[in-house]
Amino acid sequence: MEETNLLNKELDESVQGTATMVESIQDGSKKLYLESYGCQMNFSDSEIVASILCKSGYSTTRNALDADVILMNTCSIRENAEQRVRNKLRQYQKQKKQNPSLVIGILGCMAERLKKQLLEEEKLVDLVAGPDSYRDLPNLIDEVEGGQKAVNVLLSREETYADIAPVRLGKNGVTAFISIMRGCDNMCSFCVVPFTRGRERSRDPESIVQEAQELFDQGYREVTLLGQNVNSYRWNITKKNELIDPSKPTVSFAQLLEKVALVSPLLRVRYSTSHPKDMTDDVLHTMAEYPNICKYVHLPVQSGNSNVLARMNRGYTREWYLERIAAIRRIMPEASISTDIITGFCDETEDEHQDTVSLMEACNFDYAYMFSYSEREKTLAERKFEDNVPAEVKQRRLNEVQALQHEMAFRNNAKTLGNLYEVLVEGISKRSDDEVYGRNSQNLTVIFPKNNFKPGDYAMVRITEYTSATVKGVVEN
Ligand code: 5AD
Ligand code: SF4
């Protein structure tokens, strides 16, 4: 995607593999336990899975021990993400020994990548369903209950699940994801996503706007439009700029953003993730024009060195990236910017690494998701290059960029002191029942006294304290 990244601290934990368990939704005869790992897209897909299975008579449970069916929606982006899922599956296999009718299935990227391996060689699951086969889940579960093993890992060029109303599993009732496209055609050399999620396809804009409207009507106040590379969203036009249906208009990502922003000035709009090579000024101008489009851009750079970027097949140079950052600052001076960084990619020299450090300083990122390179089977990098930066060097470089980012976030948060922000309340603070938390347009988490605020309210908050992760403030009328 840009493997869709997580936009706040709480969700950030989930990229590290913290699972979510779904709420109990309705009383069906059979109980489903769904656990999600990885990116926002997986969390959004789990809401589609819940919708499909609730229609087939399942209800969800938060307790795996209660379940008739356990489904794990998984991530393959790095090796350690997969290992964590295997450990969890082993644990569920023990539960199956006590309860042999339990169905254990794997969904998402690991299902697509490993196909029958988890079923036949590792014997960890009964069912394997790739990201484009969720409509088939009721049949697949039936097959397992009939005594067979079930697999569907067909990737589609069309499936967008546009007609399926997701069952909202997030708990706050204020913020929701809307998936606007699937797949990725970019082929960054380190990335497994094009293999696990297939070709890029955009979803019908009308169904997206309708979903946003319905969410707003239900009381939601923020939607995040999701795609692996949202800037290449296009409707009714091919990649070669050929019109598909001449009787209908085409829709670009900037136009889609505007349509969603027009649902209501009270509905905040975010999106994730952008690709620097496709991030155009028209999107930035649309963002600047609508106060309810949040002034936050997640623009993964991966490396600050043009040769490394070429090996990564990213399609842009250091200079191009710096120019895009300058465009954001020019068009939206108040915007915050975050990024993704990989340390220790194949053949990365110390000087090349230092270019990443200097780029981070030049961009003054508000937040960064930082990883050390993990070689993935089948990717271009695995076939073309050697994974030759020693683990300890990758780690040392990672520590270095993390320390720098921590320092920059602290400095940036210090600058918010005394500023007044509109904050959308999301819930009660984890640390104190007397405080609520929410985010400002720049995606900064703000904590302040609860007063009479409830989730979904907007509050004007003046910042009085800060750390590198959050800021605190007091409400002003
Ligand atoms: N190794 C390490 N990090 C990776 N990412 C994607 N693939 C890999 C990999 N093989 C990171 C990129 C991407 C983010 C979601 O995960 O930074 O933007
Ligand atoms: Fe993101 Fe590149 Fe992977 Fe596509 S191939 S998901 S753009 S990192």
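Structure shown above.
Residues numbered from 1 in each chain as written. Chains lettered and ligands numbered in written order. Predicted model: local features only at pLDDT ≥ 70, side-chain atom pairs only at ≥ 80, totals over all residues. Heavy atoms only, no water.

Some thoughts on the overall build of the protein
For step 1, the next point in the chain: Counting its secondary structure elements, the protein contains 15 helices and 22 strands.
For step 2, the next point in the chain: Relative to the 2.2 N^0.38 estimate, which gives 23 Å for 477 residues, the radius of gyration of the protein is 22 Å and therefore close to what a compact globule would have.
For step 3, the next point in the chain: C-alpha extents for the protein along the principal axes are approximately 60 × 55 × 55 Å.
For step 4, the next point in the chain: Here the protein, with 477 residues, has 58% of them falling under the buried criterion.
For step 5, the next point in the chain: By sequence separation, contacts in the protein at least 24 residues apart represent 72% of the contacts at least 6 residues apart.
For step 6, the next point in the chain: Here the protein has roughly 19,700 Å² of accessible surface; of this, 49% comes from carbon and sulfur atoms.
For step 7, the next point in the chain: The centroid of the 59 positive side-chain charges in the protein is displaced by 2 Å from the centroid of its 70 negative side-chain charges. (Helix = DSSP H or I, 4+ residues; strand = E, 2+ residues; numbered from the N terminus. Rg over C-alpha atoms; globule rule 2.2 N^0.38 Å. Buried < 20%, exposed > 50% of the residue type's maximum accessible area, 1.4 Å probe, protein only. Contact = heavy atoms within 4.5 Å. Areas by Shrake-Rupley, 256 points an atom, 1.4 Å probe, with all protein chains shown as cover. Lys, Arg positive; Asp, Glu negative; His and termini not counted. Charge placed at Lys NZ, Arg CZ, Asp CG, Glu CD.)

Thoughts on the packing of helix 2 (residues 40–55) against helix 6 (residues 137–145)
For step 1, the next point in the chain: Here helix 2 crosses helix 6 at 65 degrees, and the two axes come no closer than 9 Å. If you check the angle between helix 2 and helix 6, you find them roughly perpendicular. Mapping the contact onto sequence places V49, I52 and L53 in helix 2 and L137, P138 and I141 in helix 6.
For step 2, the next point in the chain: For the contact of helix 2 with helix 6, the residue count by class is six nonpolar, no polar and no charged. (Axes fitted to C-alpha atoms, helices over the stretch in contact; angles between N-to-C directions. Parallel < 35°, antiparallel > 145°, perpendicular 65-115°, else oblique. Nonpolar A, V, L, I, M, F, W, Y, C, P; charged D, E, K, R; others polar.)

Digging into the sheet that holds strand 8 (residues 175–179)
For step 1, the next point in the chain: Pairing within the open sheet is parallel, and its three strands lie in the order 8-11-14. Of all the strands in the sheet, just strand 8 and strand 14 (268–272) have a single pairing partner and so form its edges. Strand-to-strand twist in this sheet, taken as the mean axis angle between neighbours without regard to direction, amounts to 25 degrees.
For step 2, the next point in the chain: Bridge count for strand 11 (residues 222–226) against strand 14 is five bridges, and the pairing is parallel. Of the residues in strand 14, the one forming a bridge with T224 is R270.
For step 3, the next point in the chain: Docked against the sheet, helix 2 engages strand 8, strand 11 and strand 14, running at close to 90 degrees with respect to strand 8. (Pairing = 2+ DSSP bridges.)

Description of the side chain of R314
For step 1, the next point in the chain: Counting through the fold element by element, R314 comes out in the loop between helix 11 (306–311) and helix 12 (318–331).
For step 2, the next point in the chain: A polar contact is formed between the side chain of R314 and the backbone oxygen of P300, at a distance of 3.0 Å. (Polar contact = N/O pair within 3.5 Å; in protein donor to acceptor, adjacent residues only side chain to side chain.)

Structural measurements only, silent on function.
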